[in-house]
Amino acid sequence: MPYSIPRTSPILMKNVYTRIFPQVDRELSFWKNRANEIPDHELRKQAQDSIRDKKFHCQGGAVYSILAGPYWREAVRFIVAYQTISDYLDNLCDRSTSLDPRDFRMLHQSMQDALKPAESIKPYYFYRDEQNDGEYLSDLVRTCQNCLRNLSGYPLISTHIQQLEGLYADLQVHKHVKEEERIPRLEEWFEEYREKWPYLSWYEFSACSGSTLGIFCLVSYTMGGRMSQSLADELFESYFPFMQGLHILLDYYIDQQEDLEEGDLNFCNYYKTPEEMKRRLLFFIEQTNKNVQRLPDRQFHEMVHNGLVGLYLADPKVAHLSGGREVTRKLLRAGGIRSAFFHLNVKVYNRFKR
């Protein structure tokens, strides 16, 4: 049955506020209750913290459920479960008790397994002291697998989503090891891909690898029954590197002060000057816009692109960054009237929620 994708920002936001966000809340409420029941104290804390502090990742990703048409609830279920794995593992690697790359690799095996419906569950905590999560991580994986199991178009996207996951997992392993090993590992990793993406630096390539948007886009289109091999290829090329890179660079941009205080790696710190960073952010905005023009539902992808700019720059943390006001003004201008609309909309929404 045909379905329509919103073409204007007000209609998209109405969908987001009245349908998608409430559904995200319902899904997250289930996983929050599961997290509260985790027997191991450390694993329970990291699971609870990741849901409390990173809810907006699920909200943002769930916008792609619109592409699934009548199956949008199933898309939200997949997106929330997959993003919850991502956020939980990020906390386990960032804030927890291990610096062992074998541990990080084994934990992220769960994200790979989640994208393979026939894959068996592994002992994901094999290399760490904490073990008993009451099947929390395994059930997140099973939920994703169940969402993908009966998708007739799954073979068309499997290679692309597994490649995106592989890059994501590599990044998480390299960026969470001992501090002195991080940059050498990331630089060496980028050398494998430099020839294909020579216009990126190692830290920009790392940022491009750190997003789940491409996976959510591919899965949602497939759930809506609209996937073809040519569309899968076009989506992959359009989302990686620029849409995903813009997403994560903006995320790192607003987190600069926080990451400095926590001692976390922030890719925006590797630009030589604030001016260079601003110039490259503008470049990513321009290239993202250029790359989505050839996609079906072009207006939707443009709105996601504009929404990223508006959403992140509306974060209160921007006000505390040196030059934050000027950067916001220039990036919003580059993003166009839609970015300004989303920026204002999110600010009003945040104020209302408070």
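Structure shown above.
About the criteria used
Residues numbered from 1 in each chain as written. Predicted model: local features only at pLDDT ≥ 70, side-chain atom pairs only at ≥ 80, totals over all residues. Heavy atoms only, no water. Helix = DSSP H or I, 4+ residues; strand = E, 2+ residues; numbered from the N terminus. Rg over C-alpha atoms; globule rule 2.2 N^0.38 Å. Buried < 20%, exposed > 50% of the residue type's maximum accessible area, 1.4 Å probe, protein only. Contact = heavy atoms within 4.5 Å. Areas by Shrake-Rupley, 256 points an atom, 1.4 Å probe, with all protein chains shown as cover. Lys, Arg positive; Asp, Glu negative; His and termini not counted. Charge placed at Lys NZ, Arg CZ, Asp CG, Glu CD. Phe/Tyr/Trp six-rings, centres within 6.5 Å; stacked < 30°, edge-to-face > 60°. Expected span 1.5 Å × (residues − 1). Axes fitted to C-alpha atoms, helices over the stretch in contact; angles between N-to-C directions. Parallel < 35°, antiparallel > 145°, perpendicular 65-115°, else oblique. Left-handed = near helix turned anticlockwise from the far one by under 90°. Nonpolar A, V, L, I, M, F, W, Y, C, P; charged D, E, K, R; others polar. Core = buried A, V, L, I, M, F, W, Y, C linked by side-chain atoms within 4.5 Å. Salt bridge = Lys/Arg side-chain N within 4 Å of Asp/Glu carboxyl O.

**A short note on the overall build of the protein**
Turning to step 1, where the next piece is worked out: A count of helical and extended segments in the protein gives 16 helices and zero strands.
Turning to step 2, where the next piece is worked out: A globule of 354 residues ought to have a C-alpha radius of gyration of about 20 Å, and the protein, at 19 Å, matches this closely.
Turning to step 3, where the next piece is worked out: By its C-alpha atoms, the protein is 55 × 50 × 45 Å across when sized along the principal axes.
Turning to step 4, where the next piece is worked out: Relative to its full complement of 354 residues, the protein shows a buried share of 59%.
Turning to step 5, where the next piece is worked out: Taking all contacts inside the protein whose residues are at least 6 apart in sequence as the whole, residues at least 24 apart take part in 75%.
Turning to step 6, where the next piece is worked out: Put simply, the protein shows about 15,600 Å² of open surface, and 51% of that area lies on carbon and sulfur atoms.
Turning to step 7, where the next piece is worked out: Side-chain charges in the protein split into 45 positive and 48 negative, and the spacing between the mean points of these groups amounts to 8 Å.

**Notes on the packing of aromatic side chains**
Turning to step 1, where the next piece is worked out: For the structure shown, the criterion picks out 30 aromatic pairs.
Turning to step 2, where the next piece is worked out: On the numbers, 5.6 Å between centres and 15° between planes, the contact of Phe-78 with Tyr-82 is stacked. Of the two residues, Phe-78 and Tyr-82 are both situated in helix H4 (residues 72–95); the distance of four residues between them amounts to about one turn of the helix. Exposure class is identical for Phe-78 and Tyr-82. Each is buried.
Turning to step 3, where the next piece is worked out: Note on Phe-242 and Phe-284: the rings are 5.3 Å apart at their centroids and 65° apart in plane angle, and the pair reads as edge-to-face. Here Phe-284 lies in helix H13 (residues 274–292) and Phe-242 lies in helix H11 (residues 229–254), a separation of 42 residues in the sequence. Neither Phe-242 nor Phe-284 differs from the other in exposure class; each is buried.

**Description of helix H6 (residues 136–149)**
Turning to step 1, where the next piece is worked out: Helix length check: H6 (14 residues) gives 20 Å between terminal C-alpha atoms against 20 Å at 1.5 Å per residue, within 8%.
Turning to step 2, where the next piece is worked out: Across the 14 residues of H6, 10 count as buried, placing the element largely inside the fold.
Turning to step 3, where the next piece is worked out: Taken residue by residue, H6 has Tyr-136, Leu-137, Ser-138, Leu-140, Val-141, Thr-143, Cys-144, Gln-145, Cys-147 and Leu-148 as its buried positions.
Turning to step 4, where the next piece is worked out: For H6, the elements touching its buried residues are helix H1 (9–36), helix H2 (41–53), H4, helix H5 (101–114), helix H7 (154–175) and helix H10 (213–223).

**Things to note about H4**
Turning to step 1, where the next piece is worked out: Over its 24 residues, H4 extends 33 Å from the first C-alpha to the last, a length consistent with the 34 Å expected when each residue adds 1.5 Å.
Turning to step 2, where the next piece is worked out: By the criterion of burial, H4 is predominantly enclosed, with 19 of the 24 residues buried.

**Some points on the packing of H1 against helix H3 (residues 55–62)**
Turning to step 1, where the next piece is worked out: Close contact between H1 and H3 brings their axes to 10 Å; oriented N to C, the two are set at 130°. Between H1 and H3, the angle is such that the two are oblique. The way H1 lies across H3 gives a crossing that is right-handed. Only Lys-55, Cys-58, Gln-59 and Ala-62 of H3 make contact with H1, whose side of the interface consists of Ile-20, Phe-21, Val-24, Asp-25 and Leu-28.
Turning to step 2, where the next piece is worked out: The residue makeup of the contact of H1 with H3, split by class, is six nonpolar, one polar and two charged.

**Observations concerning the nonpolar core**
Turning to step 1, where the next piece is worked out: Core analysis: the largest hydrophobic core is formed by 117 residues, its most contacted members being Tyr-64 and Phe-78.
Turning to step 2, where the next piece is worked out: With 15 residues, H11 is the largest single contributor of residues to this core.
Turning to step 3, where the next piece is worked out: Not counting chain neighbours up to four residues away, the residues in contact with Phe-78 comprise Leu-115, Cys-144, Cys-147, Leu-148, Ile-215, Phe-216, Val-219 and Met-223.

**Looking at the pattern of salt bridges**
Turning to step 1, where the next piece is worked out: In total, this model carries 26 salt bridges according to the counting rule given.
Turning to step 2, where the next piece is worked out: Across the pair Asp-103 and Arg-128 runs a salt bridge, and its minimum N-O distance is 2.7 Å. With Asp-103 in helix H5 and Arg-128 in the loop between H5 and H6, this residue pair connects regions lying 25 residues apart in the sequence. Each member of the pair, Asp-103 together with Arg-128, is buried.

**Some words on unusual backbone geometry**
Turning to step 1, where the next piece is worked out: A cis geometry characterises the amide bond from Phe-240 onward to Pro-241, with omega recorded as 15°.
Turning to step 2, where the next piece is worked out: Structurally, the position occupied by Pro-241 is in helix H11.
Turning to step 3, where the next piece is worked out: The phi dihedral of Asp-297 is positive, around 55°, even though this residue is not glycine.
Turning to step 4, where the next piece is worked out: Relative to the helices and strands, Asp-297 resides in the loop between H13 and helix H14 (298–313).

**Regarding the environment of Tyr-193**
Turning to step 1, where the next piece is worked out: Inspection of the secondary structure assignment puts Tyr-193 in the loop between helix H8 (179–191) and helix H9 (202–209).
Turning to step 2, where the next piece is worked out: A C-alpha to C-alpha distance of 8.7 Å links Tyr-193 and Phe-205, two positions 12 residues apart in sequence.
Turning to step 3, where the next piece is worked out: Apart from the residues lying within four places of it in its own chain, the contact partners of Tyr-193 are Leu-167, Asp-170 and Phe-205.

**Remarks on the packing of H7 against H10**
Turning to step 1, where the next piece is worked out: Relative to each other, H7 and H10 sit at 170°, their axes nearing to 9 Å. Between H7 and H10, the crossing angle belongs to the class labelled roughly antiparallel. Residues Tyr-154, Ile-157, His-160, Ile-161, Leu-164 and Glu-165 of H7 pack against Gly-214, Ile-215, Leu-218, Val-219 and Thr-222 of H10.
Turning to step 2, where the next piece is worked out: Broken down by class, the residue content of the contact of H7 with H10 amounts to seven nonpolar, three polar and one charged.

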